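Okay, here's what each chain looks like letter by letter:
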Amino acid sequence: MDKPLLTCALPLYRSADIAWLALESLSHQQDAPPWELVVIEEDVEAYTEAGVNSHADELSAAGCVSVRYYSTKKKMNLGEKWRRMASLATGEVTVLVAGDCYSHPRRLRETWDALCGFEWVQSPVGPFYDIATGAYALYDHALNKHGRHTALNMATHTHLLRLLPECTKTSGIDGWLYENIWNELRRMPRTLINKSPAWSRGVDTHGLT
């Protein structure tokens, strides 16, 4: 079995009706290096291990060499899930996959290529769809007026995620993650803004969770 070069970290919460979206997108990755999937899910309105494993053949065809699923009865905030999945990851790079979003089919390939010489990668633009209201919008990080450093399709080196402190926050987790990596490095992470047009073949959602 090939050694995974990337870890797709997929945190799930109340995702019984929506997690298929992220898994479907991962099963359509193109030209991806060997990668693994690590899932942590609370045992409430869960997609379940059986649900994740139902995608196993398609994930394998897309380059996934292993799937590991962990269920917890204890509520775990997103920051703690990132910490936990980093400790479980064996890939050099961890791709932060949202449970209610569809990653574009070049995401893993472009992420692996981008993080050579960089410590953080993200896309500056991407479509958003609100399932509950039917509203559609295009996110553009260039219009950010609040000093936020993070955008879409984020990924970083696994060893940097393993340095994260215990997280007690329940919101603003993307920024918390980036700022803690900054603190550990004692400088701003070398960040690549991936301007590839591939983003247009994915979609982020405000999902059903």
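Here is what the cut-offs are and how they apply
- Residues numbered from 1 in each chain as written.
- Predicted model: local features only at pLDDT ≥ 70, side-chain atom pairs only at ≥ 80, totals over all residues.
- Heavy atoms only, no water.
- Buried < 20%, exposed > 50% of the residue type's maximum accessible area, 1.4 Å probe, protein only.
- Helix = DSSP H or I, 4+ residues; strand = E, 2+ residues; numbered from the N terminus.
- Contact = heavy atoms within 4.5 Å.
- Pairing = 2+ DSSP bridges.
- Axes fitted to C-alpha atoms, helices over the stretch in contact; angles between N-to-C directions.
- Salt bridge = Lys/Arg side-chain N within 4 Å of Asp/Glu carboxyl O.

(A) Inspection of helix H1 (residues 19–26) at higher detail. Summarising burial for H1: six of the eight residues are buried, a large majority. Contacts made by the buried residues of H1 are with strand E1 (6–12), strand E2 (35–42), helix H2 (48–53), helix H3 (56–61) and strand E10 (204–206).

(B) Region of interest: the sheet that holds E1. The mixed open sheet is built from seven strands, whose spatial order is E3-E2-E1-E4-E8-E5-E9. If you trace the sheet from one side to the other, it starts and ends with strand E3 (64–72) and strand E9 (191–193), each paired once. Ignoring strand direction, the axes of neighbouring strands in this sheet form an average angle of 20°. Bridge count for strand E5 (residues 120–123) against strand E8 (residues 152–157) is three bridges, and the pairing is antiparallel. Along E8, the bridge assignment pairs Trp 120 with Thr 156. This element, H1, spans E1 and E2 of the sheet and lies at about 165° to E1. Each of strand E4 (93–96), E5, E8 and E9 touches helix H7 (residues 173–185); the most contacted strand, E5, lies at about 150° to it.

(C) Representation of the pattern of salt bridges in the model. A full pass over the atoms with the stated rule returns nine salt bridges. Linking Glu 45 and Arg 14 is a salt bridge whose minimum nitrogen-to-oxygen distance equals 3.4 Å. Of the two residues, Glu 45 sits in the loop between E2 and H2 while Arg 14 sits in the loop between E1 and H1, which places them 31 residues apart along the sequence. With relative accessibility at 47%, the residue Glu 45 sits in the partly exposed group. One salt-bridge network, held together by shared partners, links Glu 119, Arg 187 and Arg 190.

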